[in-house]
Each structure stands twice: as structure tokens, then as C-alpha cells.
Amino acid sequence: MAAAADEVAPPTASGYLDPSYWDERFGKEEHYEWFKDFSHFRHLLAPLLSPSLSVLEVGCGNSRLGEELLREGVDGGITCVDLSPVAVQRMRDRLAVQGTKGVDVVVADMLDLPFEQESFDLVVEKGTMDVLFVDSGDPWNPNPTTVNNVMKMLEEIHRVLKPEGVFVSITFGQGKRSLESNSYQNSLPAVPRINMVHEELESEDFIFRTNVDEL
């Protein structure tokens, strides 16, 4: 049975940055889907999918997204990574009990992915990047550590994506965001050119389908 988010939340938002919080949570929690399950954004992901795709899910936790993509016919290899060894082992156990083949689960840091350059056609994250923003400070003058970590994540995703690869970020957001903003762009180091399109699912839930072009 999935636990409610408010039953397992840390005392403060910054607690989400503590790896021990996730190990403890995943040790108790069987399944939880951040920002809704696959059925709510299937219509956005389906046009991007094909049997030959190689897919990386960043920050899988105990989500069933990898299994859903497998059911959609993705057969080019699905890799799910998480920083928590507890989450990874529990997902491996779940897949083994189900007899599910075709989903590889790996302990990995999204800021330093252990994959070769241009390894994946599609990279998906659901609620993972949001963790980096819990201690971001003033949105117009963000914490330098937050900016550095976000850029590291994007650079790593860009590195492991194939030349025409696509990065999909399913996130909590309010209002439009763009890396084309001059004030925002001037505060960041040089980064890959990123085109962002967002569609509102309902209320405050958005999906950002991000095409990361080559430098």
C-alpha cells in the first residue's frame, strides 16, 4: 500500500536533500508516484515512444514508470537510477517477484551519471529535479549551490542523450519558465541550448517536454 506524502515528509523541506531520509523512507514505503501516475501524462509521452528507444529514468525511487514504459512497448532498454541503494534494491526485488525483464535498476547520482556519452534516446525525470530547489533561496537571486547542482544535472543529461535525444521533466511548477529570459540567462554559466514547452495537466501540475540540442 502506498503511503501518503504528508505521512512520510521530512520535518523541513531541506530534509529532502539528505540521502538518509530517502533510505529510511524507501525502506518503509512500497510505492509512491510523485505528480500523479503514468496514466495522467501518457498522452504527452506516447508520441515520443517507439520500440527501439533506449530510456533512462533519473531518480526512480519506488515509481512504476519504468514498468509502464515497458508495457507501452519500449524495448530498446529501460534503465532506472536512484541515489538510494534501498530504493534500488527494493525495485530490483519487485521486478524479480513480478518476473519483469527489460528494466535495469542502478544506484547512481544524477549529478555524475555512470553512462557513456550519447547512451539514451529519452531521459525522463519525475519530481527529481524539484529536490534540488528545496533550498534555492530567492528565485531572483538563487543559492549558488542550487544553480551549480541544477546545471550539473542538465549537463549530465545532455551528455548521455543521443544527438536527437529528448529530455522530459515532469515537475511542480507555477507559471511559465524559459531559459531565454535575459535576466535568468545572465546569472548562469554557458549551458546547452534548451527549448522548453509546457502543458498544464491540472491545477499546479505541469509537464515540461525538453529537447536538448547539441552545443
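Reading the values: the criteria
- Residues numbered from 1 in each chain as written.
- Predicted model: local features only at pLDDT ≥ 70, side-chain atom pairs only at ≥ 80, totals over all residues.
- Heavy atoms only, no water.
- UniProt positions renumbered as here; feature names shortened; annotations may be inferred.
- pLDDT = per-residue confidence, 0-100.
- Contact = heavy atoms within 4.5 Å.
- Salt bridge = Lys/Arg side-chain N within 4 Å of Asp/Glu carboxyl O.
- Helix = DSSP H or I, 4+ residues; strand = E, 2+ residues; numbered from the N terminus.
- Buried < 20%, exposed > 50% of the residue type's maximum accessible area, 1.4 Å probe, protein only.
- Expected span 1.5 Å × (residues − 1).
- Polar contact = N/O pair within 3.5 Å; in protein donor to acceptor, adjacent residues only side chain to side chain.
- Pairing = 2+ DSSP bridges.
- Phe/Tyr/Trp six-rings, centres within 6.5 Å; stacked < 30°, edge-to-face > 60°.

- Looking up the protein in an unreviewed UniProt entry gives the name Methyltransferase domain-containing protein, with the organism given as Urochloa decumbens.
- Taken verbatim from the UniProt record of the protein, the Sequence similarities (unreviewed entry) comment is "Belongs to the methyltransferase superfamily."

### Digging into the confidence of the model for the protein
- Overall, the predicted model of the protein reaches an average pLDDT of 76, with 62% of residues at or above 70.
- For the stretch residues 174–212, pLDDT sits under 50, and the model shows 85 contacts to residues farther than four places along the chain or on other chains.

### Observations regarding the pattern of salt bridges
- Taken as a whole and judged by the stated rule, the model has five salt bridges.
- A salt bridge links Lys162 to Asp121; the shortest N-O distance between them is 3.5 Å. Linking Lys162 in strand 7 (residues 161–172) with Asp121 in strand 4 (residues 120–126), this pair joins segments that are 41 residues apart in sequence.
- The salt bridge involving Glu156 is made with Arg159; its shortest N-O contact spans 3.0 Å. You can see Glu156 and its partner Arg159 sitting in helix 7 (residues 144–160), three residues apart, about one turn around the helix.
- Judged by its relative accessible area of 12%, Glu156 is buried.

### Focus on unusual backbone geometry
- Positive phi is not limited to glycine here, since Glu118 has a value of about 55°.
- Turning to its location among the elements, Glu118 is positioned in the loop between strand 3 (103–107) and strand 4.

### Regarding helix 7
- Look at helix 7: 24 Å from first C-alpha to last across 17 residues, which is about the 24 Å you get at 1.5 Å a residue.
- When we look at burial in helix 7, the residues that qualify are Thr146, Val147, Asn149, Val150, Met151, Met153, Leu154, Glu156, Ile157, His158 and Val160.
- By the N-cap criterion, in which a side-chain oxygen at the helix start approaches the backbone nitrogen of a residue two or three places on, helix 7 is capped by Asn143, the distance to Thr145 being 2.8 Å.

### Quick notes on the pairing of strand 4
- The buried fraction of strand 4 is high, at six of seven residues.
- Here strand 1 (residues 55–58) runs beside strand 4; their pairing, made up of four bridges, is parallel. Opposite Glu57, over in strand 4, you have Val124 as the bridge partner.

### Description of the environment of Phe41
- Note on placement: Phe41 falls in the loop between helix 2 (19–28) and helix 3 (42–45).
- Its relative accessible area of 0% is what places Phe41 among the buried residues.
- For the pair Phe41 and Ile170, spaced 129 residues apart in the sequence, the C-alpha separation amounts to 8.9 Å.

### What to know about the environment of Ser119
- Considering the arrangement of structural elements, one finds Ser119 in the loop between strand 3 and strand 4.
- Taking the relative accessible area as the measure of exposure, Ser119 reaches 24% and is therefore partly exposed.
- Residues Ser119 and Ser54, spaced 65 residues apart in sequence, show a C-alpha to C-alpha distance of 7.7 Å.
- Sequence-distant contacts of Ser119, that is, excluding residues within four places in its chain, are made with Ser54, Val160 and Lys162.
- Polar contacts involving the side chain of Ser119 include one to the main-chain carbonyl oxygen of Glu116, which spans 2.4 Å.

### Details of the packing of aromatic side chains
- Following the criterion strictly, the structure yields two aromatic pairs and no others.
- Taken together, a centroid distance of 5.8 Å and an interplanar angle of 80° make the contact between Phe38 and Phe41 edge-to-face. Phe41 matches Phe38 in its accessibility class, with the two residues each being buried.

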